[in-house]
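Working through the structure, step by step
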Amino acid sequence: AIVLTQMAEDRCCRDADLVVSILPKANEHLRTRGMPDDRYVHISNGICSIESEQALSSTPLEEAAIIVEKAKVEGRTIVGYAGGHAPNHDLETLLDAASKIDPDRFCFILIGSGPSKKSLVQMVHKSGTRNVHFLDRTTRGRALATLSLTDAAYVGIAEGSLYRFGIGLNKIYDAMFVGRPIVAAYTAGNDPIGESACGFTSPAGDSDAVAAALVHLAAMNDDERNSMGLRGRKHVLNHHDYRHLSDRFLEAVQSSKSKGAR
């Protein structure tokens with residue numbers, strides 16, 4: 001099976017008039033399989049702004065709203081995560097960071113389900129961290145609306161050699177669209193959080209760096225956090241809206257045709 005798929009990849013790289021990838025550095029691999037560089041185009045992942053705006057108008061999770069209200073009264077910085085609870089999402093790094101900082105200054109809300117959720121809950125119980133709340137999976141709209149109540153969103157990606165070619169996860173662009181600062185942990189060939197200056201990026205698995213980023217975030221005032229979050233929202237609307245990305249894709253196809261398809 002490996003030999004057959006490799007043969008298919010090699011033929012596509014050699015014969016395709018146009019190769020498109022959401023990963024900015026995928027060409028570094030594809031050229032080793034016979035792809036000429038002038039046939040490669042990077043078009044990132046993104047969002048549908050119209051659909052996302054409708055989703056964001058959903059009602060936040062009631063349980064989360066109660067937790068947020070109480071945390072704000074107590075003066076806590078609220079960090080949210082919405083998505084799968086699986087090894088590749090590196091939630092262990094977030095929870096390890098949470099155990100290293102003052103529990104009275106923070107509140108963590110994790111929304112979702114997945115194969116790692118049970119072990120993550122056990123990890124929290126074992127560490128004695130008392131400011132982490134696990135909520136059930138919900139719709140994308142209610143998840144985005146709930147994230148909008150927080151002070152920051154978390155995005156994590158476990159370390160892996162594949163990511164040297166870049167990352168383009170939907171949850172990164174969803175978090176940007178919500179307009180909250182992002183605390184991220186990943187090691188990759190690109191840095192969408194840093195490029196848009198909308199948060200803090202730490203190496204994958206580095207809970208000390210994530211903890212330091214959280215403390216820095218807590219020291220910021222609301223205006224500073226809002227400005228950082230709005231930079232992310234502006235960036236995703238200007239560069240990662242499917243309306244713009246589809247135009248780039250069509251331009252790439254037309255350019256390839258003008259060169260003369262074989």
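Residues numbered from 1 in each chain as written. Predicted model: local features only at pLDDT ≥ 70, side-chain atom pairs only at ≥ 80, totals over all residues. Heavy atoms only, no water.

1. Description of the nonpolar core
Core analysis: the biggest nonpolar cluster contains 28 residues, and Phe108, Leu110, Tyr154, Val183 and Leu214 have the highest contact counts within it. Of all the secondary structure elements, the ones that give two or more residues to this core are strand S3 (77–82), helix H5 (91–98), strand S4 (106–111), helix H6 (117–127), strand S5 (132–135), strand S6 (152–156), strand S7 (182–185) and helix H10 (207–219). Counting residues per element, this core draws most heavily on H10, at six residues. Every residue in contact with Leu110, bar those within four places of it in the chain, is listed here: Tyr81, His85, Leu91, Leu94, Leu95, Val132, His133, Phe134 and Leu135. Judged by nonpolar contacts, the second largest core, of 22 residues, contains Leu144, Tyr163, Met176 and Cys198. (Core = buried A, V, L, I, M, F, W, Y, C linked by side-chain atoms within 4.5 Å. Buried < 20%, exposed > 50% of the residue type's maximum accessible area, 1.4 Å probe, protein only. Helix = DSSP H or I, 4+ residues; strand = E, 2+ residues; numbered from the N terminus. Contact = heavy atoms within 4.5 Å.)

2. Quick look at the layout of surface pockets
Estimated volume of the largest pocket: approximately 340 Å³. As for the largest pocket, its lining consists of 21 residues, and the residues nearest its centre are Ala82, Gly83, Gly84, Ala143 and Asp174. Of all the secondary-structure elements, those providing two or more residues to the lining of the largest pocket are S3, helix H7 (140–147), S6 and helix H8 (170–178). In terms of residues, the lining of the largest pocket owes the most to one element, H7, which gives four residues. Its residues assigned to classes, the lining of the largest pocket shows ten nonpolar, seven polar and four charged. (1 Å grid on protein atoms, 1.4 Å probe; cavity = no way out; pocket = protein on both sides within 12 Å on 5 of 7 lines; lining within 4 Å. Points joined across faces, edges and corners; volume = space filled by probe spheres on them. Nonpolar A, V, L, I, M, F, W, Y, C, P; charged D, E, K, R; others polar.)

3. Section: the pairing of S6
Here S6 lies mainly inside the structure; five of its five residues are buried. The alternating pattern of S6 places Ala152, Tyr154 and Gly156 and Ala153 and Val155 on opposite faces, both of which are buried. Bridge count for S3 against S6 is two bridges, and the pairing is parallel. Within the sheet, the bridge partner assigned to Val79 lies in S6 and is Ala152. Sheet topology places S6 next to S7; four bridges connect them, and they run parallel. When the sheet's bridge partners are listed, Tyr154 is paired in S7 with Val183. Between the parallel elements S6 and S7, the chain passes through H8 in a crossover that is right-handed. (Pairing = 2+ DSSP bridges. Right-handed = clockwise from strand over helix to strand, strands pointing away.)

4. Quick notes on the environment of Leu214
Tracing the sequence through the fold places Leu214 in helix H10. Taking the C-alpha atoms as reference, Leu214 lies 13 Å from Arg180; in sequence the two are 34 residues apart. Leave out the neighbours within four places in its chain, and Leu214 touches Val79, Leu94, Ala97, Ile101, Phe106, Phe108 and Val183.

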